[in-house]
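# Architecture and fold: a report
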There are 2 protein chains.
Amino acid sequence: MANESWISDYSPSSDFSLANIPFGIISSPDNHTPRPAIAIGDFALDLETWLTSTTEENVAEVFQGVDVGHLKLALSQATLNAFAALGRPVHRSVRKGLQDLLCQDTPFPQLLKDNEGVRTKALKRLSEVTMHLPMWISDYTDFYAGYHHAWAVGVMFRGPENALQPNYMHLPVGYHGRASSIVVDGTPIRRPVGQILLDPKAEPKQPVTGPTRKLDIELEVGCFISKPNEMGESVDVKRAEEYIFGYVLLNDWSARDIQAWEYVPLGPFNGKNFGTTISAWVVLADALEPFRVKSDIENKIELQGYLQEEGEKVVFDIKLEVDLTTSDGSTTTIGRTSSKYLMWSFPQMIAHHTLGGCPMRTGDLLGSGTISGPGGVEERGSLLEMTENGKKEVLLAGMNARTFLKDGDSVTLRGFCADNGSGLRVGFGRCSGTIYSGVHR
Amino acid sequence: MANESWISDYSPSSDFSLANIPFGIISSPDNHTPRPAIAIGDFALDLETWLTSTTEENVAEVFQGVDVGHLKLALSQATLNAFAALGRPVHRSVRKGLQDLLCQDTPFPQLLKDNEGVRTKALKRLSEVTMHLPMWISDYTDFYAGYHHAWAVGVMFRGPENALQPNYMHLPVGYHGRASSIVVDGTPIRRPVGQILLDPKAEPKQPVTGPTRKLDIELEVGCFISKPNEMGESVDVKRAEEYIFGYVLLNDWSARDIQAWEYVPLGPFNGKNFGTTISAWVVLADALEPFRVKSDIENKIELQGYLQEEGEKVVFDIKLEVDLTTSDGSTTTIGRTSSKYLMWSFPQMIAHHTLGGCPMRTGDLLGSGTISGPGGVEERGSLLEMTENGKKEVLLAGMNARTFLKDGDSVTLRGFCADNGSGLRVGFGRCSGTIYSGVHR
Ligand SMILES: [Ca+2]
Ligand SMILES: [Ca+2]
Ligand SMILES: [Mg+2]
Ligand SMILES: [Mg+2]
Ligand code: NI
């Protein structure tokens, strides 16, 4: 594979470069049925359309070793679950075939590049397609693997002596989230109403019911499961990569005041379940392989055997950014960090999650937990940290300032991996949402 | 509807009386496809078979006001979700029609009672059918509404001064559970492996990985959602009944030692997600209407408006029992209580869950939380309470004794409502599971 594609306006520095080939679910004005596509530069390649415009023999030639019937069936669904379930060797072969089809010196010019009829039908500008949730998600688990976030929040609420709970370095702490409120990039987020304590120190504690005053974000990476495990059977950490379909950006919107009142003793509930946004394009696990790094967090504790991995480079260096756009249209990048600050890898999370026999299903989503860097407020993945729970303001462009989000604010997460040597770049596109008000009752 | 059915060996004191008509998913040796049925006495009526053996005109006569095409489609699925989604008025009419079909003086004798051909095809002995999970469950939420359980557990871990958290009387505390490990009555449950502290008081805390030594049960009632709400739209407590499909018994198997080490600060995870068992037959919401009572728990706190219900009789008096059968075959009833000890109703749970706009989907399951009575150990819904976290033994038949469950133990939950005046009885059948050992890794 060369670095260049014949796609018009293509740049290898696009999020959706030839080195990426992320999968998503599109619909378009001429075809309202949601269907699988990949993104390349500023275009989406409609896979269902391309597959039905190409002979089975030709498809088999492009996707070496893949059962064409199974693939066509999987890529004619309204979610990527069936494709994910085909397994990582198939994803690898399909991604490779699409790179061959799309690269400058493609061996298959007649199948797309030089075939105007098929090209016109199957290639759509990204600006002209509507993105849908890429997977049907049955279970969603949110971990807490961002060390600097856990530390900073711990210091804030319990002081530096007790910042981390005793279990934190021994296991990837996580909790079950709400799957039904996961939405795709661009979906508006309604400010939730909930029970809150206006004066948390007053006794007796008397809640009121109203809109959250502490609407926050959490910058996370999400991981989709491809292969299910049987109930009662755990997944070995050394084989957990086989169970991963791909990755998205994830914003775990959080209402800090609702969460503070409700979460003892069983964990976050309404403070979280009103909405979680993910980016629209699933970056396949193989596309991130060149960007493996050692975690920046050193864990001096001797890990339990089921968490011990073989290599050292178990996390990815995804450069992450948080943009806040106010209703006057001005945008400020308020946070910059990297997924190398995760102290647990997704294989470790999967091994821990299944240790007792919990079954994963295709399409299950794992969130990394909020990712923050070791530096100052500009490296934080939540407003909670940036503002010390509302005590300090974050300054924005145009002399705006925020403690927590206002109605009309938009938050956009961005993420990409880049190798300066090779020029390889793999990005996630955006993960954004705008806040509006007024839950009906 | 009279009290008697023409079904052979029928007794109105059966769990599956004419007053009940619970729905489930069966398969049989002659038809391995899972399909909807109702239970009556010792029989299952295969609804798909009956509907395809009966003319649409006749079906329309039995089920007044129901669209026959929609009903036939809904009742030809492998789960009850499509039927649930038809809404409570349809469930009501279908239950009424089935009671008419099955009662002694049925106005439709030629459609089943006196039609040997259809009877032979559509009626199966319960002992001859296999039961499947009745619903496809995407999200499962477990509440904590059993007051005496919350109190007893609180006293055990924090003393009577701080037994209940400040939020407990103000809102139905709950957390997101794991949907993928919910299984139907009879499914074996593997003892989970997990991280545990052998000596919780030793410093520094050093976990080991091994099988739980504190495998417990939680006696709960589960509630299935029929109608979805839009994300961002909350459900009014006064209309929440319309969103309820029906009820099952639920055993929230719990590994207390895994849970104790992992649950701070984000709640239970691997201590719960290895398995949750529900009874196979969904008792429709309407079947429980005659058994409404006022909650036995008085809440002196002025409730937030969104939790205020209209009537007083907001919970049901379901008599609940826990049987423990050891591997030598001897059975002891170790707990007896009632769902009248729930301090929050399911409509209140639904109103709270959706307050911030969290969407419910058809098939979502809500657990009540462990139900215990105010009395001694014999009224408790968990071994944690019966044994004071393993300090005292529960004596069983045959001079057996338990603190927590051993391999080979079976636990069976039972539940029924009875009206001694009218002789009405509505039961749930059993909710059971047997423990075996050895998670593969
Ligand atoms: Ca989070
Ligand atoms: Ca429970
Ligand atoms: Mg969220
Ligand atoms: Mg459970
Ligand atoms: Ni229709």
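Starting afresh in each chain, residues are numbered from 1 along the sequence in its written order. Lettering of chains starts at A and numbering of ligands starts at 1, both following the order in which they are written. This being a predicted model, a pLDDT of at least 70 is required before a residue's local features are given, and a value of 80 or more before pairs of side-chain atoms are given or counted; all residues contribute to the totals for chains, interfaces and linings. For side-chain calculations, the full set of non-hydrogen atoms in the structure is used, while hydrogens and water are omitted.

The name that an unreviewed UniProt entry assigns to chain A is Fumarylacetoacetase, with the source organism given as Triangularia verruculosa. UniProt positions are given in the numbering used here, feature names are shortened, and annotations may be inferred rather than shown by experiment. The UniProt entry for chain A carries the following comment under Sequence similarities (unreviewed entry): "Belongs to the FAH family." Per UniProt, the comment on chain A under Catalytic activity (unreviewed entry) is "4-fumarylacetoacetate + H2O = acetoacetate + fumarate + H(+)".

## A few points about helix H10 (residues 346-353) of chain B
Remark: exposure states derive from per-residue accessible area (1.4 Å probe, protein chains only) relative to the maximum for the residue type, with buried under 20%, exposed over 50%, and partly exposed in between. Runs of H or I in DSSP of at least four residues are treated as helices and runs of E of at least two as strands, each being numbered from the N terminus. Here H10 of chain B lies mainly inside the structure; eight of its eight residues are buried. Contact definition: two residues touch when any of their heavy atoms are within 4.5 Å. Packing partners of the buried residues in H10 of chain B comprise strand S6 (140-143), strand S7 (174-176), strand S13 (219-225), strand S14 (244-251) and strand S22 (365-367) of chain B.

## As for the pairing of strand S6 (residues 140-143) of chain A
Residues and elements named next belong to chain A. In S6, alternate side chains face the same way, and those of Tyr 140 and Asp 142 on one face and Thr 141 and Phe 143 on the other are all buried. Examined bridge by bridge, S6 and strand S7 (residues 174-176) share three bridges and lie antiparallel to one another. When the bridges of S7 are listed, Thr 141 appears paired with His 176. Here, any two strands with at least 2 DSSP bridges between them count as paired.

## Some points on the relation of the copies chain B and chain A
Overlaid copies result from least-squares superposition on C-alpha atoms, with residues included only where pLDDT is at least 70 in both. Note on the identical chains: chain B maps onto chain A by a rotation of 180° and an axial translation of 0.0 Å, with an RMSD of 0.0 Å. Classification of the inter-copy transformation places it as that of a two-fold axis. A symmetric contact is evident, with 100% of the interface residues of chain B recurring at the interface of chain A.

## Considering the interface of chain B and chain A
Taken together, the 65 residues of chain B in the interface contact 65 residues of chain A. For any pair of parts, buried area is found by adding up, for both, the accessible area (1.4 Å probe) each one loses once the two are put together. Together chain B and chain A conceal approximately 6,200 Å² of surface at their shared face, both sides included; 55% is due to carbon and sulfur atoms. The largest share of the area that chain B buries against chain A comes from His 176, Leu 266 and Phe 269 of chain B, three residues that together contribute 13% of it. When a carboxyl oxygen of Asp or Glu is within 4 Å of a side-chain nitrogen of Lys or Arg, the pair counts as a salt bridge. Counting across the interface, chain B meets chain A through six salt bridges. With its nearest N and O atoms 2.6 Å apart, the salt bridge here joins Arg 178 of chain A to Asp 364 of chain B. We define a polar contact as two N or O atoms separated by no more than 3.5 Å, with the added condition that, inside protein, one atom must be a possible hydrogen donor and the other a possible acceptor, whereas residues neighbouring each other in sequence contribute only through side-chain atom pairs. For the interface between chain B and chain A, the tally reads 40 residue pairs in polar contact (both at pLDDT 80 or more). Those elements giving two or more residues to the side of chain B that touches chain A turn out to be S6, S7, strand S9 (189-190), strand S10 (193-196), strand S11 (208-211), helix H8 (256-262) and H10 of chain B.

## Side note on the UniProt feature "binding site: Ca(2+)" (unreviewed entry) in chain A
Residue and element names in this part refer to chain A. Mapped onto this numbering, the UniProt entry gives "binding site: Ca(2+)" (unreviewed entry) at Asp 142, Glu 218, Glu 220 and Asp 252. Of the residues just listed, which span 111 residues, no C-alpha pair is farther apart than 11.0 Å, and they cluster in one region. Within the fold, Glu 220 resides in strand S13 (residues 219-225). The class for Glu 220 is buried, based on a relative accessible area of 0%. When neighbours within four sequence positions are excluded, Glu 220 is seen to be in contact with Asp 142, Val 248, Leu 249, Leu 250, Asp 252, Gly 367, Ser 368, Gly 369, Thr 370 and Leu 413. For Asp 252, the position within the fold is in the loop between strand S14 (244-251) and strand S15 (254-255). On the accessibility criterion, Asp 252 (1% relative accessible area) is buried.

## Details of the coordination of the calcium ion (ligand 1)
Residues and elements named next belong to chain A. Distances from the calcium ion (ligand 1) to its protein donors, Asp 142 (OD), Glu 218 (OE), Glu 220 (OE) and Asp 252 (OD), fall within 2.2 to 2.3 Å. Mapping the donors of the calcium ion (ligand 1) onto the primary sequence gives the spacing D-x75-E-x1-E-x31-D. Here Asp 142 is found in strand S6, whereas its partner Glu 220 is found in strand S13, with 78 residues between them in sequence. Water is absent from the atoms considered, so a metal site may look incomplete; donors are defined as N, O and S atoms within 2.8 Å of the metal, or 3.2 Å for Na, K and Ca.

## Description of the sheet that holds strand S3 (residues 43-46) of chain B
Residue and element names in this part refer to chain B. The strand order S4-S3-S2-S1-S5 describes an open sheet built from five strands, whose pairing is antiparallel. Looking along the sheet, the strands with just one partner apiece sit at the ends: strand S4 (123-125) and strand S5 (130-132). When strand polarity is set aside, the average angle formed by the axes of neighbouring strands in this sheet is 45°. Bridge count between strand S2 (residues 31-40) and S3: four bridges; the pairing is antiparallel. For Ile 38, the partnering residue across the bridge sits in S3 and is Leu 45. Lines are fitted to the C-alpha atoms to define the axes, a helix being fitted only along its stretch in contact, and any angle between axes, read from their N-to-C directions, falls within 0 to 180 degrees. Relative to the sheet, helix H5 (residues 88-102) contacts strand S1 (23-28), S2 and S3, its axis offset from that of S2 by approximately 80°.

## Some remarks on the sheet that holds strand S21 (residues 331-338) of chain A
Residue and element names in this part refer to chain A. Overall, mixed pairing links the five strands, which are arranged S9-S26-S25-S20-S21 in an open sheet. Looking at which strands have only one partner, the edges of the open sheet turn out to be strand S9 (189-190) and S21. Of the pairings in the sheet, the one linking strand S20 (residues 319-325) to S21 comprises seven bridges and is antiparallel in character. Of the residues in S21, the one forming a bridge with Leu 320 is Thr 337.

## A short note on the side chain of Ser 27 of chain B
Residues and elements named next belong to chain B. On the secondary structure map, Ser 27 appears in strand S1. When its relative accessible area of 6% is taken as the criterion, Ser 27 is described as buried. At 2.7 Å, the side chain of Ser 27 forms a polar contact with the side chain of His 132. Among all residues touching Ser 27, those that are not within four sequence positions of it are His 32, Thr 33, Pro 34, Arg 35, Val 129, Thr 130 and His 132.

## Here we look at the nonpolar core
For the purposes of this section, nonpolar cores are sets of buried Ala, Val, Leu, Ile, Met, Phe, Trp, Tyr and Cys residues that join through side-chain atoms within 4.5 Å. One finds Tyr 247, Leu 288 and Leu 405 of chain B to be the most contacted residues of the largest nonpolar core, which totals 81 residues. Residues contacting Leu 288 of chain B, with those up to four places away along its chain left out, are Tyr 247, Val 283, Phe 316, Ile 318, Cys 417, Val 426 and Phe 428 of chain B. Membership of the second largest hydrophobic core comes to 80 residues, among which are Ala 19, Ile 297, Val 315 and Trp 344 of chain A.

## A short note on the domain arrangement of chain A
All names here are of chain A. Domain borders in the structure are assigned automatically or taken from a domain database. Partitioning chain A into structural domains gives domain 1 (23-132) and domain 2 (140-436). Between the C-alpha centres of domain 1 and domain 2 the distance comes to 31 Å. Counting residues at the interface gives 19 residues for domain 1 and 15 residues for domain 2. Of all residues in domain 1, Phe 23, Arg 88 and Arg 95 give up the largest surface area on contact with domain 2, accounting jointly for 43% of the area buried on that side. Where domain 1 packs against domain 2, one counts four salt bridges. Across the pair Arg 92 and Asp 286 runs a salt bridge, and its minimum N-O distance is 3.1 Å.

## With respect to the packing of aromatic side chains
For Phe, Tyr and Trp, rings pair up if their centres lie within 6.5 Å, where Trp contributes its six-membered ring, and each pair is then called stacked (planes under 30 degrees apart), edge-to-face (over 60) or tilted (otherwise). Tallying each qualifying case throughout the model produces 18 aromatic pairs over all chains. Judged by centre distance (5.8 Å) and plane angle (85°), the ring pair of Phe 143 of chain A and Phe 269 of chain B falls under edge-to-face. Pair noted here: Phe 143 of chain A is in strand S6 and Phe 269 of chain B is in the loop between H8 and strand S16 (276-278), and the two residues belong to different chains. A relative accessible area of 1% places Phe 143 of chain A in the buried class. Take Phe 269 of chain B: its relative accessible area is 2%, and that puts it in the buried class. The interplanar angle of 70° and the centroid separation of 5.5 Å between the aromatic rings of Tyr 247 of chain B and Phe 316 of chain B together place this pair among those described as edge-to-face.

## With respect to the pattern of salt bridges
Counted according to the given criterion, the structure contains 62 salt bridges over all chains. Here Asp 407 of chain A makes a salt bridge to Arg 191 of chain A, at a shortest N to O gap of 2.7 Å. Of the two residues, Asp 407 of chain A is situated in the loop between strand S24 (401-402) and strand S25 (410-418) and Arg 191 of chain A in the loop between S9 and strand S10 (193-196); the sequence distance between them amounts to 216 residues. The class of Asp 407 of chain A is partly exposed, set by a relative accessible area of 36%. Taking the relative accessible area as the measure of exposure, Arg 191 of chain A reaches 9% and is therefore buried. When the shortest N-O distance is used, the salt bridge between Asp 252 of chain B and Lys 272 of chain B registers 3.0 Å. With Asp 252 of chain B in the loop between S14 and strand S15 (254-255) and Lys 272 of chain B in the loop between H8 and S16, this residue pair connects regions lying 20 residues apart in the sequence. Members of the salt-bridge network, linked through shared partners, are Arg 88, Arg 92, Glu 241, Asp 286, Glu 289 and Arg 292 of chain A.

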